[in-house]
Structure formats: C-alpha cells, structure tokens
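Structure at a glance
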Amino acid sequence: RYETCSYAHGELCEMCGKYCLNPLDSEQRKKHERECIAVHEKEMEIAFSIQRSKEKTCGICFDIVWEKDGREQRFGILPNCNHCFCLECIRTWRQAKHFDNKMIRACPECRVCSDFVCPSSFWVDNSEEKEKLISKYKNALSEKDCKYFNKVRLFCSDEFFIKNTKFRAMEVVHSEINASIDIA
C-alpha cells in the first residue's frame, strides 16, 4: 500500500522516533536533524542537572534538597560561594533579626558575603553554569519593580539589577546607599 499511495509519507527520524522526514527534501531533513539534536542536547543537560542535584544536602537543615516536597525542592544559590542550601533555609537564615546585616548576608558555612540568593531547581557547581543562572535571574528581576525603591528619597536601596519604573535612568552608587541603610 505504501508504494501505491499518491501522498508523500514521512520517513522515520532515528532521534525522535517520528515519521516526519520528507524523502524528497534534503533541506527539511537537515533542519529536522538539527532541531532533534538541539532537543536531545537540552534533555541531556537536564538529565545531568538532575543527577548532579539528587544527592545534595542542605548545609542548614541537612535534608536532601531533591527529596523535599513541591516548591521546597529548590536550591538557594549564593553567588560568591559553592555551599549548598535549600532556598527556604537560606532565606530564613537571611531574615534572622538577632544577627547584624553583614552576618546574615554571609554564607552560614564559610561566611563569604553574597548580596542576594538565586533560586534554582537544580544545583549548579561549575562557574560557567552559575554565571549563566545568575545572569538569567538578574534579567528576570530587571522586569520587576524593586520593593525597596523609595520614591520620596529617589533611590533604590537594593541591588542594581532591579527595575525602578519611574526613575530608571537615574544612576545610584549602591555601596554608599547600602552602607547608610540597614536592609535584610
């Protein structure tokens, strides 16, 4: 029946298992092959990320982060150190009122200061992946209004990558502002 059919039937793609390759169009075949390879590489990247994350233990609660329920199954990545924490624990640590601001902004294990915590579904331990994650996080935050933006005093007392809608063009030296304002 296949040989006598007047319609062009797709051939099997070995990568995705779909009958979608046009036997008469080599460009379509090459394009589909490139798309399949890109999808396969992305899936492999996710599989490696999952494998790398499975055994990571939070340095505060000592639970395996990947075994937590639902939204608790996220890592809190500190940009300036490589210690592992679940997002909930590191955020709770940074909201503590009985320590000074410098102490709560520091890693609970090595005391290296980090100005923010980057949430992540997977653990990242190599610097290239970490930079990529942090850059993506900063870009996402740049679309949100800063909750610390003070419209009366016309400055933002938090990190520089948060959007200030009305005063976006205004430049602020954050190290001076952060030194004069105590924000957890």
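Structural notes, computed from the coordinates. Everything quoted here is computed from the prediction, not taken from an experiment. (Residues numbered from 1 in each chain as written. Predicted model: local features only at pLDDT ≥ 70, side-chain atom pairs only at ≥ 80, totals over all residues. Heavy atoms only, no water.)

Brief notes about the side chain of Ser120
Our working rule: Helix and strand assignments follow DSSP, with helices taken as H or I runs no shorter than four residues and strands as E runs no shorter than two, numbered in order from the N terminus. Residue exposure (1.4 Å probe, protein chains only): buried if accessible area is under 20% of the type maximum, exposed if over 50%, otherwise partly exposed. Whenever a nitrogen or oxygen atom comes within 3.5 Å of another N or O atom, the pair is scored as a polar contact, on the condition that within protein one atom can donate a hydrogen and the other can accept it, and that pairs from neighbouring residues in sequence are kept only if both atoms are in side chains. Contact criterion: two residues are considered in contact whenever any of their non-hydrogen atoms come within 4.5 Å of each other.
Note on placement: Ser120 falls in strand 4 (residues 118-120). By relative accessible area, which is 7% here, Ser120 ends up buried. In this structure the side chain of Ser120 is engaged in a polar contact, spanning 2.5 Å, whose partner is the backbone oxygen of Phe122. Look past the residues within four positions of Ser120 in its chain and what remains in contact with it is Arg74, Phe75, Ile77 and Leu133.

Structural notes on the pattern of salt bridges
Applicable threshold: The rule for a salt bridge is simple: a side-chain nitrogen of Lys or Arg has to be within 4 Å of a carboxyl oxygen of Asp or Glu.
Across all of its chains, the model carries six salt bridges by this definition. Of the charged contacts, one joins Glu11 and Arg29 as a salt bridge, the two residues approaching to 2.9 Å between their closest N and O atoms. With Glu11 in strand 1 (residues 11-12) and Arg29 in helix 1 (residues 26-53), the pair connects residues that are 18 residues apart, well separated along the chain. Under the relative-accessibility criterion, Glu11 is labelled partly exposed at 31%. Asp125 is the partner of Arg52 in a salt bridge, and the nearest nitrogen-oxygen pair spans 3.8 Å. Of this pair, Arg52 sits in helix 1 while Asp125 sits in the loop between strand 4 and helix 4 (127-141); the two residues are 73 residues apart in sequence, bridging distant segments of the chain.

A word on the nonpolar core
Our working rule: We define a nonpolar core as any set of buried Ala, Val, Leu, Ile, Met, Phe, Trp, Tyr and Cys residues linked to one another through side-chain atoms lying within 4.5 Å.
The biggest cluster of nonpolar side chains holds 23 residues, and the ones touching the most others in it are Cys58, Phe75, Ile77, Leu78, Phe85, Ile90 and Cys118. Of all the secondary structure elements, the ones that give two or more residues to this core are strand 3 (75-77), helix 2 (87-94) and helix 4. Here Cys58 is in contact with Asp63, Val65, Cys84, Phe85, Cys86 and Cys89, once residues within four sequence places are set aside.

Section: the packing of aromatic side chains
In plain terms, the rule: Centre distance within 6.5 Å is the pairing criterion for rings of Phe, Tyr and Trp, where only the six-membered ring of Trp is used; planes under 30 degrees apart are then read as stacked, over 60 as edge-to-face, and the remainder as tilted.
Within the structure shown, the criterion is met by three aromatic pairs. Centroid distance Phe75 to Trp123: 5.8 Å. Interplanar angle 55 degrees. Geometry classified as tilted. Residue Phe75 is found in strand 3, and its partner Trp123 is found in the loop between strand 4 and helix 4; the two are separated by 48 residues along the sequence. Taken individually, Phe75 and Trp123 each receive the classification buried, so the pair is uniform in this respect. Aromatic side chains Phe116 and Tyr137 sit 6.1 Å apart centroid to centroid with 25 degrees between the ring planes, which places their arrangement in the stacked category.

What to know about helix 2
Threshold: Directions pointing from the helix axis toward each C-beta atom define the arc.
What helix 2 keeps buried is the set Leu87, Cys89, Ile90, Trp93 and Arg94. Buried positions in helix 2, seen along its axis, are confined to an arc of 165 degrees and lie on one side of it.

Without other data, these values stay purely geometric and don't point to any function.
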